[in-house]
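Residues per chain, in single letters:
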Amino acid sequence: MRSTLSHTASPVVDRRDFLKSSLSACALAPLISSSHFQLSSSLNRSLTKDERDGMTPAHVIDELKKGNERFRTGKMTHHDYLAEQRASAKGQFPAAVILGCLDSRVPAEIVFDAGIGDTFVGRVAGNVVNDDMLGSMEFGCAASGAKVILVVGHTACGAVKGAIDDVVLGNLTGLLARIKPAIAATTYDGEKSSKNYAYVDAVAATNVTLTMAEIRQRSPILADLEKKGAISIAGAIYDLATGKVNFLSA
């Protein structure tokens, strides 16, 4: 399915002012590359509306990939979270909606090196979608202007293991039932057991793909935005061992 700026010893420039000037330049010269944009700010300011609106869905996905590369190589942006909090207090213009798993080892803002105000994030075990999550995505994209919906599963997912093992436990039972279609839809040669991590990961990837399809099917609003090119609906798997987010092919 559907990488950072090199820093030299030159004096520090306000990145946000640079972004604004880049937008103006793009209006005059459309051939200028949009690769100067960056989700995470080294000067600790949130995205403005003009900056976010100047991004394409493909550019937002590219910036998420760059952020993950900074994270996994230990070159993350320095964040002054208090400064970001103050800068975003009167408004927010996130570029992406990320649906991730409840798992404590996959905090989306950190693994994508994004700042406060850069992304909407929803988390639920097994990164499944329901009416409330769909409504939140519609708010994030149709009402607020985010350009990407990214469904992020991960390796060794406990919810996927639970679905494979037919775990029954209160309200968790119904949640795991949302993952079970991915079990049936996964083609795998080998031991189909929750103890086989390769199989678990294969089901997790299928679950992400099916969730993307469910978003399109259950939300005509989001499906229409994607058809018009206003947003992209993408999927990825986060590797707990390496810290790398692997985007799934279309």
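Residues numbered from 1 in each chain as written. Predicted model: local features only at pLDDT ≥ 70, side-chain atom pairs only at ≥ 80, totals over all residues. Heavy atoms only, no water.

1. Quick notes on the overall build of the protein
Phase 1: Helix and strand content of the protein: 11 helices and 5 strands.
Phase 2: Put simply, the protein has 250 residues, and 47% of those count as buried.
Phase 3: When the accessible surface of the protein is summed, it comes to about 12100 Å², and 56% of that surface belongs to carbon and sulfur atoms. (Helix = DSSP H or I, 4+ residues; strand = E, 2+ residues; numbered from the N terminus. Buried < 20%, exposed > 50% of the residue type's maximum accessible area, 1.4 Å probe, protein only. Areas by Shrake-Rupley, 256 points an atom, 1.4 Å probe, with all protein chains shown as cover.)

2. Comments concerning empty space enclosed by the protein
To find leftover empty space, a probe the size of one water molecule is rolled over the atoms.
Phase 1: Volume-wise, the largest cavity comes out at about 50 Å³.
Phase 2: Lining the largest cavity are Ile 98, Gly 100, Val 106, Ala 108, Val 111, Phe 112, Val 121, Arg 123 and Val 152.
Phase 3: In terms of residue class, the lining of the largest cavity is built from 7 nonpolar, 1 polar and 1 charged. (1 Å grid on protein atoms, 1.4 Å probe; cavity = no way out; pocket = protein on both sides within 12 Å on 5 of 7 lines; lining within 4 Å. Points joined across faces, edges and corners; volume = space filled by probe spheres on them. Nonpolar A, V, L, I, M, F, W, Y, C, P; charged D, E, K, R; others polar.)

3. What to know about the environment of Glu 138
Phase 1: Within the secondary structure, Glu 138 is located in helix 6 (residues 131–143).
Phase 2: With relative accessibility at 22%, the residue Glu 138 sits in the partly exposed group.
Phase 3: Distance in space between the C-alpha atoms of Glu 138 and Pro 220 is 9.8 Å, their sequence separation being 82 residues.
Phase 4: Dropping the residues within four chain positions of it, Glu 138 is found in contact with Ala 143, Ser 219, Ile 221 and Leu 222.
Phase 5: Side chain to side chain, Glu 138 and Ser 219 meet in a polar contact 2.6 Å long. (Contact = heavy atoms within 4.5 Å. Polar contact = N/O pair within 3.5 Å; in protein donor to acceptor, adjacent residues only side chain to side chain.)

4. Details of the confidence of the model for the protein
Phase 1: Looking at the protein, the pLDDT average stands at 87 and 83% of residues meet or exceed 70.
Phase 2: Confidence over residues 1–36 falls short of pLDDT 50; this stretch has 61 contacts with residues more than four positions distant or in other chains. (pLDDT = per-residue confidence, 0-100.)

5. Side note on helix 3 (residues 57–72)
Phase 1: Here helix 3 contains 16 residues, and its C-alpha end-to-end distance of 23 Å stays within 8% of the 22 Å for a straight helix at 1.5 Å per residue.
Phase 2: Every buried residue belonging to helix 3 is among Pro 57, His 59, Val 60, Ile 61, Glu 63, Leu 64, Lys 66, Gly 67, Asn 68 and Arg 70, and all of these are buried.
Phase 3: Of the surrounding secondary structure, the elements contacted by the buried residues of helix 3 are strand 1 (96–100), helix 5 (108–111), strand 3 (148–154), strand 4 (232–238) and strand 5 (245–247).
Phase 4: Once helix 3 finishes, Gly 74 follows within two positions and takes phi at roughly 70°, a positive value. (Expected span 1.5 Å × (residues − 1).)

6. Observations concerning the environment of Glu 214
Phase 1: Along the polypeptide, Glu 214 turns up in helix 10 (residues 197–218).
Phase 2: A relative accessible area of 24% places Glu 214 in the partly exposed class.
Phase 3: For the pair Glu 214 and Val 128, spaced 86 residues apart in the sequence, the C-alpha separation amounts to 9.5 Å.
Phase 4: Not counting chain neighbours up to four residues away, the residues in contact with Glu 214 comprise Val 129, Arg 178 and Ser 219.
Phase 5: Among the polar contacts listed, one links the side chain of Glu 214 to the side chain of Arg 218, at a separation of 2.8 Å.

7. Examining the sheet that holds strand 2 (residues 119–123)
Phase 1: Across the sheet, 5 strands lie side by side as 2-1-3-4-5; this open sheet has mixed pairing. A single partner strand is all that each edge strand has here, and the edge strands are strand 2 and strand 5. With strand direction ignored, the average angle separating the axes of adjacent strands in the sheet is 25°.
Phase 2: Strand direction decides the pairing type here: strand 4 and strand 5, joined by 3 bridges, are antiparallel. From the neighbouring strand, Ile 237 faces strand 5, where its bridge partner is Asn 246.
Phase 3: Lying over the sheet, helix 10 contacts strand 1, strand 3 and strand 4, oriented at roughly 165° with respect to strand 4. (Pairing = 2+ DSSP bridges. Axes fitted to C-alpha atoms, helices over the stretch in contact; angles between N-to-C directions.)

8. Here we look at the side chain of Ser 144
Phase 1: Tracing the sequence through the fold places Ser 144 in the loop between helix 6 and strand 3.
Phase 2: Contact partners of Ser 144, with chain neighbours within four places excluded, come to Arg 52, Phe 120 and Phe 139.

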